[in-house]
Amino acid sequence: MSVLRARRALRRQATEQRALFDLPNHRAFVQYLTGLDPLRDTEAAIAQAVEKLDVDILVCSVPRPLKPELADDPNLYGIEPTVWRHHGSTDGNIFGHDPVANRPHLTLDGDGLRAHYVAEDARNRRFVGGTALTHGFLFTTCIHYAAEDLDYEDEVFRVDGLLDRYEALSARQLHAWMAANPELMLCHDDIANAKALAMRPAFLRKHLFPRYRRLFAPIKARGIPLLCMTDGNFLEVGADGFFLDRPAIELEQLAARCGPERIYFTGPTPEIMTVGSPRAVAREMDHLAELAADLPGFLYHMPGGWVHNMPLENVK
């Protein structure tokens, strides 16, 4: 039923309950729910959690097998360590930036890259396809190659040909993803901060939004719903569906601007989930449910994902 509910929500059709767009990977909660430790039996634990929670759409991919010793990793986020930007982690060679260097799968030729994404989606379907819808995703839609790799200011994008190289690389990846016949695409670029857009609107309109239109054209031509994700307050931008980085941008703000025909995905703020009480979390969920009453494309989603230090009672 979950896959059917997901499809209805993506078409903005009424469902008997709100769809859940999630990757359940909070270690203590997954253990509580399934009896399995996701650091010891990763794939089975996540697959069982998806089934028990009746997750409608899986977020990105089921993690590869992990090891218990990761619990002591100082960079642990959910059940996997993350790579934080810090002094020395980024490259100052802006003019010579090669985004392929840190992404080995992008050295594959066209057939190889298509096979890579088809295999990625097939793996996810094998673990959760009986319950949840899987989707294609690209985390570096255009400017995020620089955000991940470079020590830069906004002026970096004025380097001759840099955005062209990023666009070409992403076009190649999105074309390859189409071989997997995804029912949904999720694309990410951080173009905003907590207050507003991170770059001048005139620059975005001239140099970035036309690239998005070109990149997304093959997705739109196939009628595939497209969800856009960015940190921060992006109230000046639009797509089929939006991630809401609460509290930087709130559902009432965006829905008032974009209307009920869009897809919106969000949940309790990470602050409340981490330091609030279970009662405060419940109030957040009630508040969102009330706001979403007239939004048939609303999906529940934990902004920023599940962090290991969120109290179990809040997650429950």
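Computed from a predicted structure; not experimentally measured.

Student: When you look at the packing of helix H6 (residues 162-177) against helix H7 (residues 201-221) in this model, what are you seeing that I'm missing?
Tutor: Packed helices, taken two at a time, are described by their axes: the angle between them and the distance between them. Between H6 and H7, the shortest axis-to-axis distance is 9 Å and the interhelical angle comes to 20°. On the basis of their axis angle, the class for H6 and H7 is roughly parallel. Like other packed secondary-structure pairs, H6 and H7 cross with a definite hand, here right-handed. Only Phe-203, His-207, Arg-211, Arg-214, Leu-215 and Ile-219 of H7 make contact with H6, whose side of the interface consists of Leu-163, Asp-164, Glu-167, Ser-170, Ala-171 and Leu-174. Of the residues that constitute the contact of H6 with H7, the class distribution is 6 nonpolar, 2 polar and 4 charged.

Student: I keep staring at the pairing of strand E1 (residues 19-22) and nothing clicks. Help me out?
Tutor: Regular strands place side chains that alternate from one sheet face to the opposite one. Where E1 meets strand E8 (residues 298-300), 2 bridges bridge the pair, whose relative direction is parallel. Bridge pairing in E8 links Ala-19 to Leu-299.

Student: So what exactly am I meant to see when it comes to the pattern of salt bridges here?
Tutor: Opposite charge on two side chains lets them pair, provided their charged atoms get close. Enumeration according to the criterion identifies 18 salt bridges in this entry. Glu-284 is the partner of Arg-246 in a salt bridge, and the nearest nitrogen-oxygen pair spans 2.9 Å. Of this pair, Arg-246 sits in the loop between strand E6 (241-243) and helix H8 (251-258) while Glu-284 sits in helix H10 (residues 278-291), and the two are 38 residues apart along the sequence. Here Arg-246 and Glu-284 have matching classes, each one buried. For Lys-316, the salt bridge goes to Glu-313, with nearest N and O atoms at 3.2 Å.

Student: Honestly, the environment of Ala-47 in this entry has me stumped. Any pointers?
Tutor: Here Ala-47 lies in helix H3 (residues 42-53). In this structure Ala-47 comes out as buried when scored by relative accessible area, which is 15%. Separated by 23 residues in the primary sequence, Ala-47 and Pro-24 place their C-alpha atoms 9.1 Å from one another. Excluding residues within four positions of it along the chain, Ala-47 makes contact with Phe-127 and Val-128.

Student: Quick question: what am I supposed to make of the sheet that holds E6 here?
Tutor: Within a sheet, each strand pairs with its neighbour through backbone hydrogen bonds, oriented either parallel or antiparallel. Across the sheet, which stays open at both edges, the 8 strands sit in the order E2-E1-E8-E7-E6-E5-E4-E3 with parallel pairing between neighbours. Strands at the two margins of the open sheet, each flanked by one partner only, are strand E2 (57-58) and strand E3 (136-138). Two strands pair when backbone bridges link them, and strand E4 (residues 185-188) and strand E5 (residues 226-229) are joined in this way by 4 bridges, in the parallel orientation. In the sheet register, His-188 faces E5, and the bridge partner there is Met-229. Against the sheet, H8 engages E6, strand E7 (263-266) and E8, with an angle of about 175° to E7.

Student: Looking at this structure, I do not really get the state of the cysteines. What am I missing?
Tutor: For the structure on display, the rule yields 0 disulfides. Distance from the sulfur of Cys-60, which forms no disulfide, to the nearest cysteine sulfur (Cys-187) is 11 Å. According to the relative accessible area criterion, Cys-60 is partly exposed, its value standing at 23%. A disulfide-free cysteine, Cys-258 has its sulfur positioned 11 Å from the sulfur of Cys-228, the nearest such atom.

Student: I would appreciate a short explanation of H10 in the present structure.
Tutor: Residues that lie three or four places apart on an α-helix share one face, since the helix turns once every 3.6 residues. For H10, built from 14 residues, the straight-helix expectation of 20 Å at 1.5 Å per residue is met to within 8% by its first-to-last C-alpha distance of 20 Å. Inspection of H10 places Ala-280, Val-281, Glu-284 and Leu-288 among the buried residues, and these make up the whole buried set. Buried positions in H10, seen along its axis, are confined to an arc of 105° and lie on one side of it. Opposite its buried face, H10 presents the exposed residues Arg-279, Arg-283, Asp-286 and Glu-290, each directed more than 90 degrees away. On its buried side, H10 packs onto H8, E7, helix H9 (270-275), E8 and helix H11 (312-315).

Student: What is the right way to look at the pairing of E4 in this model?
Tutor: Here E4 shows a buried face lined by Met-185 and Cys-187 and a second buried face lined by Leu-186 and His-188. As paired strands, E3 and E4 are joined by 3 bridges and run parallel to one another. What sits directly across from Phe-137, in E4, is Leu-186. Handedness of the crossover is the feature at issue here: the chain leaves E4, passes through H7, returns alongside E5, and the resulting connection is right-handed.

Conventions used here
- Residues numbered from 1 in each chain as written.
- Predicted model: local features only at pLDDT ≥ 70, side-chain atom pairs only at ≥ 80, totals over all residues.
- Heavy atoms only, no water.
- Axes fitted to C-alpha atoms, helices over the stretch in contact; angles between N-to-C directions.
- Helix = DSSP H or I, 4+ residues; strand = E, 2+ residues; numbered from the N terminus.
- Parallel < 35°, antiparallel > 145°, perpendicular 65-115°, else oblique.
- Left-handed = near helix turned anticlockwise from the far one by under 90°.
- Contact = heavy atoms within 4.5 Å.
- Nonpolar A, V, L, I, M, F, W, Y, C, P; charged D, E, K, R; others polar.
- Pairing = 2+ DSSP bridges.
- Salt bridge = Lys/Arg side-chain N within 4 Å of Asp/Glu carboxyl O.
- Buried < 20%, exposed > 50% of the residue type's maximum accessible area, 1.4 Å probe, protein only.
- Disulfide = S-S within 2.5 Å.
- Expected span 1.5 Å × (residues − 1).
- Arc of directions from axis to C-beta.
- Right-handed = clockwise from strand over helix to strand, strands pointing away.

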